Every structure is written in structure tokens, then in C-alpha cells.
Amino acid sequence: MSGILYGVGVGPGDPELMTLKAVRLIRENDVIALPGKEPAETTAYKIAEGAVPEIREKELLAIYMPMVHDKEEQKRCHREGARQIESCLDEGKNVVFLTLGDVTVYSTFTYIQQIVEADGYQCELVNGIPSFCAAAATLGTSLGLWNEQIHIYPAVHHLEGELSEEGTVILMKSGSHMSEVKEQLKRSGRDAMMVENCGMKDEVVYHHVDEIPDEAGYYSLIIAKQDAQNG
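**Q** I would appreciate a short explanation of the pattern of salt bridges in the present structure.
**A** Side chains carrying opposite charge are able to pair once their charged atoms draw close together. Taken as a whole, this structure holds 14 salt bridges when the rule is applied. Arg83 is the salt-bridge partner of Glu80, the closest N and O atoms lying 2.7 Å from each other. Note that Glu80 and Arg83 are positioned in helix 3 (residues 71-90) at a spacing of three residues, about one turn of the helix. A salt bridge links Glu91 to Lys93; the shortest N-O distance between them is 3.3 Å. You can call Lys93 partly exposed: its relative accessible area is 30%. Taken together, the salt bridges that share partners define one network made up of Glu59, Glu91 and Lys93.

Here it is in C-alpha cells:
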């Protein structure tokens, strides 16, 4: 029998926010796949290690997933990553693929999942706490009440638009274009807060758009609400 591929979200950064199911699957299975050339150096591994020290004894599978815009290069790497995983599955081993946040939200695992499932293997998804939920808790704020709408955007792909939607806007992957994102926020008149490296040791919280630096890290998440007077 072939093994099962598990896509497992490890949450936003704090090992204590990992689910019991994620911890159990890491403990029960021998092959742990991680997106990166050096698995033990990845953020997902370090989060998991904080909750499951036994991961150090596991077989680590490096799945190279470069952040490039070349679609053909992306497809080649996804196919190669799927091949590596399928090799383990063919040996009857389960593979636990760790990913940041939740496995269903802008996760690179989805590309691997689609290939592996198309090749006839079984995949199961295990949710983790999404970064925007953890950031809202850190900021002590609600994302939505009663009939308020919640909109989630990868900021780098939404720079041409305006933030004119009703309710709360969440901007993920903002770091590399932060100065442009800040201008967009100022035009919108929204109250904006940001958490950088949520749940990690170097977490930084910004309570106003003017506090947010033009240069911010990759793990920067913005929650922007309509001003009470204008919304």
C-alpha cells in the first residue's frame, strides 16, 4: 500500500499555537517534508521543533520551492518535489509536509498536492491557525462583527487597486512593497495596524500606518479597518 501525504499547517510562529493533530502526526510518522534546501533551517521546522523536539530524529525531506516568477521553473520544481514525495509514498511511508500558517491559505503545498493527487495518491489536509487570526489576537482586535465583511489580499498583487471595500481588509505578503502599500492605505483613510513576524521571537507590532517602516520583513501582515467616522 502507498503511504499518505499529509499537508500540515504549523501556525504563524508560536510553537504553542500548533494543533494537537499536527503534533501527533509529526510524532507518529518518520518522513517530514519541508519547503527549502536546508529543511532544519526553515521557519516551519523551527516552529515544529519548539513543540515536538522528536522531529530532530526524523528523516527530513528537502522540497525546493524557489520564489521565482518564471512559471515553467515553478512547475519544474513542483514536479520534482512531488516526485521526491511519491518515492517515499511508494515505499509505504507517510509524508508529513509542514507549512506555515494554515495549509489552505496561499500555501505552496497546494501545488504539490494537486500533482500528487493527480498521480493517484491519497492526501489529507490538517489546518493550522492562520497568520491573520494570530495577528488580530496579538493586536487585541476583532476581524469582523455581526455582518461586517472581511477581505484578504496578497498585497503585492493588489497594488493597482484601491481599498474601497466595506469592512476589514487583510493584506498579506506586504513586506517587499511596503512603501507602496502604505500609500494605498493612506489614500483609503483606513485605520491600519501591522504585525511583523507574528508569534516569533522578533515579533514587532505597529499600531498606526505612520509607524510602519518602508522596509519590512516577508512575514508582515496588515489589518486595516474603516475609520469609524468615514466607514
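That was the structure; now back to the text.
**Q** Teacher, can you tell me more about helix 4 (residues 109-118) here?
**A** Helical geometry note: an α-helix holds 3.6 residues per turn, so side chains three or four residues apart project in the same direction. Those residues of helix 4 that fall on the buried side of the exposure criterion are Phe109, Ile112, Gln113, Ile115 and Val116. Contacts made by the buried residues of helix 4 are with strand 1 (4-9), strand 3 (59-63), helix 3, strand 4 (95-99) and strand 5 (122-126). Two residues or fewer past helix 4, Gly120 is found with a positive phi of approximately 95°.

**Q** For this particular structure, what's the right way to read the environment of Gly7?
**A** Tracing the sequence through the fold places Gly7 in strand 1. Residue classification places Gly7 among the buried positions, given a relative accessible area of 0%. Sequence-distant contacts of Gly7, defined by excluding residues within four places in its chain, comprise Phe97, Val103, Phe109, Glu124, Leu125 and Val126.

**Q** I would appreciate a short explanation of the pairing of strand 1 in the present structure.
**A** The side chains of a regular strand alternate between the sheet's two faces. In terms of burial, strand 1 is a largely internal element, six of the six residues being buried. Inspection of the sheet shows strand 1 paired to strand 5 by five bridges, in the parallel sense. Within strand 5, the residue paired with Ile4 across the bridge is Gln122. Alignment of strand 1 against strand 4, held across five bridges, turns out to be parallel. Paired with Leu5 across the bridge in strand 4 is Val95.

**Q** Honestly, the sheet that holds strand 5 in this entry has me stumped. Any pointers?
**A** By way of backbone hydrogen bonds, the strands of a sheet pair with one another, either parallel or antiparallel. Strand order in the open sheet made by the five strands is 3-2-4-1-5, with parallel pairing throughout. Each having just a single partner strand, strand 3 and strand 5 make up the two edges of the open sheet. Averaged over all neighbouring strand pairs, the angle between strand axes comes to 25°, with direction disregarded. Here helix 3 sits on the sheet and contacts strand 1, strand 2 (31-35), strand 3 and strand 4; the angle it forms with strand 3, its principal contact strand, is near 155°.

Calculation notes
Along every chain, residues carry numbers that run from 1 in the direction the sequence is written. Per-residue local features of the predicted model are confined to residues with pLDDT of at least 70, and side-chain atom pairs are confined, for both listing and counting, to 80 or more; whole-chain, interface and lining totals are unaffected and use all residues. The side-chain figures draw on all heavy atoms in the structure; neither hydrogens nor water molecules are used. Whenever Lys or Arg places a side-chain nitrogen within 4 Å of a carboxyl oxygen from Asp or Glu, that contact is recorded as a salt bridge. Every helix listed is a DSSP run of H or I at least four residues long, and every strand listed is a run of E at least two residues long, numbered separately from the N terminus. Three labels apply to residues, based on accessible area from a 1.4 Å probe with only protein chains included: buried if under 20% of the type maximum, exposed if over 50%, partly exposed otherwise in between. Residues count as neighbours in contact if any of their non-hydrogen atoms are within 4.5 Å of one another. Should DSSP find at least two bridges between two strands, the strands are taken to pair. To obtain each axis, a line is fitted to C-alpha atoms, and for helices this fit is confined to the stretch in contact; angles are then taken between N-to-C directions over 0 to 180 degrees.

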